[in-house]
Amino acid sequence: MLKDTINIKNTIETNRQAVLEKIAILFDYPTSSYLETAEDLVNKSRDKYPELSKLLVEFIDALKPLSPEEQEEVFTRTFDIAPICVPYLSSYTFGEESYERGDLMAKLKEIYAIAGFQSGNELPDHIRVTLSFLSTLDDQAGADLVHYVLAKPITEMFDKLKNANNPYSLLMNAVINLLEVDFSQEDRNA
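Keep in mind it's a predicted model, so treat the numbers as computed, not measured. (Residues numbered from 1 in each chain as written. Predicted model: local features only at pLDDT ≥ 70, side-chain atom pairs only at ≥ 80, totals over all residues. Heavy atoms only, no water.)

Visitor: How should the overall build of the protein chain be read in this particular structure?
Guide: Within the protein chain one finds 10 helices and zero strands. Starting at the N terminus and walking to the C terminus, you meet the elements of the protein chain as α-α-α-α-α-α-α-α-α-α. Among the 190 residues that make up the protein chain, the fraction classed as buried is 44%. A separation of at least 24 residues holds for 61% of the contacts in the protein chain among residues at least 6 apart in sequence. Surface accessibility of the protein chain: about 10,300 Å² in total, with carbon and sulfur atoms responsible for 52%. (Helix = DSSP H or I, 4+ residues; strand = E, 2+ residues; numbered from the N terminus. Buried < 20%, exposed > 50% of the residue type's maximum accessible area, 1.4 Å probe, protein only. Contact = heavy atoms within 4.5 Å. Areas by Shrake-Rupley, 256 points an atom, 1.4 Å probe, with all protein chains shown as cover.)

Visitor: I would appreciate a short explanation of the environment of Pro124 in the present structure.
Guide: As for its placement among the helices and strands, Pro124 is situated in the loop between helix H6 (99-115) and helix H7 (127-134). Judged by relative accessible area, which is 8%, Pro124 ranks as buried. It is 9.1 Å that separates the C-alpha atoms of Pro124 and Lys107, two residues lying 17 residues apart in sequence. Setting aside residues no more than four positions away along its own chain, Pro124 makes contact with Met105, Leu108, Lys109, Tyr112, Val129 and Thr130.

Visitor: Help me understand the nonpolar core, please; the structure alone is not making it clear to me.
Guide: Generally speaking, soluble globular proteins have nonpolar side chains that are buried together. In this structure, Leu131, Leu134 and Tyr168 are the most contacted members of the largest nonpolar core, which totals 54 residues. No other element matches the 10 residues that helix H9 (residues 168-183) contributes to this core. With sequence-adjacent residues up to four places away left out, Leu134 is seen in contact with Leu20, Gly142, Leu145, Val146, Leu150, Leu179 and Phe183. (Core = buried A, V, L, I, M, F, W, Y, C linked by side-chain atoms within 4.5 Å.)

Visitor: What is the right way to read the environment of Ala164 from this model?
Guide: Assignment of secondary structure puts Ala164 in the loop between helix H8 (139-163) and H9. Residues Ala164 and Cys85, spaced 79 residues apart in sequence, show a C-alpha to C-alpha distance of 9.7 Å.

Visitor: Mind showing me how you'd approach helix H2 (residues 34-45) here?
Guide: Every α-helical turn comprises 3.6 residues, leaving residues that sit three or four positions apart pointing alike. In this model H2 runs 17 Å from its N-terminal to its C-terminal C-alpha over 12 residues, within 8% of the 16 Å that 1.5 Å per residue would give. Those residues of H2 that sit buried are Tyr34, Leu35, Thr37, Ala38, Leu41, Val42 and Ser45. All buried residues of H2 fall inside an arc of 155° around its axis, so they share one side. Looking at H2, the residues exposed on the side facing more than 90 degrees away from the buried face are Glu36 and Asn43. (Expected span 1.5 Å × (residues − 1). Arc of directions from axis to C-beta.)

Visitor: So what exactly am I meant to see when it comes to the pattern of salt bridges here?
Guide: Opposite charge on two side chains allows them to pair when their charged atoms are near. Scanning the model with the defined rule gives 11 salt bridges in all. With a shortest N-O distance of 3.5 Å, Asp40 and Lys44 are connected by a salt bridge. Taken as a pair, Asp40 and Lys44 lie in helix H2 at a separation of four residues, close to a single helical turn. A residue is classified by how much of its surface remains accessible, and Lys44, at 34% relative accessible area, is partly exposed. Among the ionic pairs, Glu73 bridges to Arg77, the shortest N-O distance being 3.0 Å. Taken as a pair, Glu73 and Arg77 lie in helix H4 (residues 68-80) at a separation of four residues, close to a single helical turn. The class for Glu73 is partly exposed, based on a relative accessible area of 46%. When salt bridges that share partners are traced, they join Lys22, Asp40 and Lys44 into one network. (Salt bridge = Lys/Arg side-chain N within 4 Å of Asp/Glu carboxyl O.)

Below you can see the structure in the form of structure tokens.
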């Protein structure tokens, strides 16, 4: 009985890990396999995360009619050059120019190093990096990262994108849904 419970828990965590890893990739610059990655994510998430899957289908439908160059332009306008929504989480918590922002990034970098996690060339508070790191954490550590680092910025990012009628608002809403399903504070306090 205990073995079955452990196997079920491992399967759930593996699915969550795969979903988080794939959704993190969607915050990278679009490549030729970008929409395929999104479609794969829909398939991986359909059973456990039906609302996330629905939002991802809408996101894919919004990008599909665009040429690859137009998809790149939307991404660049959204997150890169004079962005609607900067992808750096700490800027929503502390502002663009703040010592606290630097402190948080230093702490994240230290935590990543202790965990053996590589953030690559991005700053440690980039949404893609943080979601990728989240995929490696257990329930409690993941809930802490969501609560202290992700929740407020992700909500603000969603609001900015929604107000700009940007297709990435659908992706951000999917992230919010995923975090609520897997890392709800109410579930932890029950």
